[in-house]
Amino acid sequence: MRLAAGALLAAMPLAASAASPVQAGFASHWVGYVALLWFVVAYLFVIAEEFTGLRKSQPVMLAAGAIWALLAYASAQAGQSAELHAAVRDYLLEFAELLLFLLAAMTYVNAMSERGLFEALRVWLLRRGLGYRALFWATGALAFFLSPLIDNLTTALVMCAVVLAVGRDDPRFVALACINIVVAANAGGTFSPFGDITTLMVWQAGKVPFAGFFALFLPALVNWGVPALCMHAAVPRGTPALADEQVRLRRGAWVIVILFGLTVALAVGFHQFLHLPPFMGMMTGLALLKLYGWHLTRVANAQQASEFAREGAPGDIDAFDSYEQVARAEWDTLLFFFGVIMCVGALGYCGYLALLSQQFYGGLGPTTANVLVGLMSAVLDNIPMMVAVLQMAPEMDGGQWLLVTLTAGVGGSLLSIGSAAGVALMGQAHGQYTFFSHLKWSWAIALGYAASVAVHLLVNARLFTGLA
């Protein structure tokens with residue numbers, strides 16, 4: 001499971017990478033085996049959500065509680081209760097920072113939707129005369145180029161809102177466009193230090209200089225372009241029908257867009273210049289939205305009183321309730337992140353992630369190991385995968401560090417549950433974009449994955465000095 005909240009200097013300030021996770025030595029203990037089994041079973045229920053109707057957050061939250069309870073018992077028997085409590089606090093802090101970051105981002109997306117921006121964009125796109133195939137490429141391109149600048153999860157949410165508005169009469173288009181957006185957003189986040197949490201970790205560790213990530217632009221473009229070309233023929237040929245409707249932006253719509261841009265800048269500035277976690281900037285920006293919502297409410301109330309006094313009935317006052325937009329956040333997704341972070345953290349506590357990294361780099365060599373890291377990130381969180389790699393500190397050249405940055409960043413696109421963008425879009429486009437609709441095109445995404453690795457090895461060959 002990939003939890004990159006990415007591009008705004010990442011959704012989390014890397015608390016997990018600042019200190020080495022505790023390795024309790026349960027990897028070969030029956031407790032570790034049971035923990036791993038419970039995690040696998042919980043993930044099977046996540047995959048089967050489409051058939052069971054069980055929301056994806058529920059099995060992983062239950063598994064997280066059960067696994068940590070089991071580890072608490074075993075740790076107490078081994079005299080490691082203090083270490084376990086410290087590990088739980090670390091992972092809880094990691095989730096809390098992710099929660100606050102995403103809550104602010106989702107609230108802004110909901111606010112822009114409520115003010116009619118996405119409906120206006122839908123009508124504008126339709127009036128351009130674009131068919132489904134042109135819209136497929138347009139939304140993918142926007143996701144690819146926005147992701148390096150803003151959170152790749154937020155980018156996916158925004159573009160999915162547009163797709164749902166444009167293709168609401170064609171579920172097949174929605175499914176294909178969502179797959180395209182997930183791949184494009186994840187790929188676009190790899191060629192900027194601010195595009196994904198894994199790129200930020202590698203940059204902060206001093207493995208690759210700031211400008212060095214730009215060498216991944218062409219491999220990232222190939223990673224998106226290959227599956228998009230494969231899916232192109234399956235996209236419907238028609239043109240969405242434009243209903244005879246008038247779309248009016250509600251009061252304050254463009255101000256909210258400006259405030260969102262300011263919030264992005266605050267998140268970047270807080271981290272870059274004040275050395276504070278980016279969620280502080282996001283929450284400060286959320287406070288600005290709430291203050292502006294208070295202003296809109298006062299204006300609306302004054303207008304309502306004036307119209308009632310003049311006409312005897314209130315008119316359309318464009319009232320705005322910021323707390324309503326908070327409530328509309330995708331809470332199933334946010335709680336799913338909690339369950340996954342705590343489950344994967346438990347596996348890290350047992351020592352499985354470090355053990356895997358040792359086996360990879362010790363026996364397979366850096367190129368094969370880095371490719372496998374990306375494949376594993378489609379199932380496991382790419383954050384602990386990258387943390388494990390950085391903690392192992394394998395002696396690799398710049399080309400190999402860029403390779404693992406690329407693979408960890410785009411590997412999550414192979415499965416819908418492999419990235420934060422995919423998980424969020426399954427919730428946003430519930431019933432239309434599903435695990436199995438994505439799985440049907442995993443072969444094409446795998447072709448893009450292989451092609452992007454090959455392009456990187458070819459065009460950036462000068463960066464591979466043979467150091468390993």
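Shown above is the structure to which this text applies.
In this text, all values refer to a predicted model and were calculated from it rather than measured experimentally.

A. Inspection of unusual backbone geometry at higher detail. Although it is not a glycine, H275 adopts a positive phi angle of roughly 60 degrees. Within the secondary structure, H275 is located in the loop between α12 (253-272) and α13 (278-311).

B. Structural view of helix α4 (residues 57-77). Look at α4: 31 Å from first C-alpha to last across 21 residues, which is about the 30 Å you get at 1.5 Å a residue. By the burial criterion, the buried members of α4 are S57, P59, V60, A63, A64, I67, W68, L70, L71, A74 and S75. Against the buried residues of α4 lie α2 (30-47), α5 (81-114) and α15 (331-350). Once α4 ends, the next one or two residues include G79, with phi positive near 70 degrees.

C. Region of the structure containing the nonpolar core. In this structure, W68, L71, F337 and L425 are the most contacted members of the largest nonpolar core, which totals 138 residues. The leading source of residues in this core is α5, at 15 residues. Apart from residues no more than four positions distant in its own chain, L71 is found in contact with F26, V31, L84, A346, Y349 and C350.

D. Highlighting the packing of aromatic side chains. Taken as a whole and judged by the stated rule, the model has 17 aromatic pairs. For the pair F144 and F191, a centre-to-centre distance of 5.6 Å together with 35 degrees between the ring planes defines the contact as tilted. Here the residue F144 occupies a position in helix α7 (residues 132-146), and F191 occupies one in the loop between α9 (171-188) and α10 (197-204), the gap between them amounting to 47 residues. Relative accessible area serves as the criterion here: at 10%, F191 is assigned to the buried category. Ring geometry for F191 versus F217: centroids 5.1 Å apart, planes at 90 degrees, classification edge-to-face. Here F191 is found in the loop between α9 and α10, whereas its partner F217 is found in helix α11 (residues 217-232), with 26 residues between them in sequence. Here a set of aromatic residues connected by ring pairs shows up, and it is made of F136, W137, F144, F145, F191, F217 and W224.

E. The arrangement of a nonpolar patch on the surface in detail. The grouping of F145, F217, L218, L458 and V459 at the surface amounts to a nonpolar patch, some 450 Å² of accessible area in total. Contributing elements (two or more residues each) for the nonpolar patch: α11 and α22 (442-459). Assignment of secondary structure puts L218 in helix α11.

How each quantity is defined
Residues numbered from 1 in each chain as written. Predicted model: local features only at pLDDT ≥ 70, side-chain atom pairs only at ≥ 80, totals over all residues. Heavy atoms only, no water. Helix = DSSP H or I, 4+ residues; strand = E, 2+ residues; numbered from the N terminus. Expected span 1.5 Å × (residues − 1). Buried < 20%, exposed > 50% of the residue type's maximum accessible area, 1.4 Å probe, protein only. Contact = heavy atoms within 4.5 Å. Core = buried A, V, L, I, M, F, W, Y, C linked by side-chain atoms within 4.5 Å. Phe/Tyr/Trp six-rings, centres within 6.5 Å; stacked < 30°, edge-to-face > 60°. Patch = residues over 30% accessible without salt bridge, like charges linked within 9 Å, V, L, I, M, F, W, Y side chains within 5 Å. Areas by Shrake-Rupley, 256 points an atom, 1.4 Å probe, with all protein chains shown as cover. Salt bridge = Lys/Arg side-chain N within 4 Å of Asp/Glu carboxyl O.

Purely geometric stuff here, so don't read any function into it on its own.
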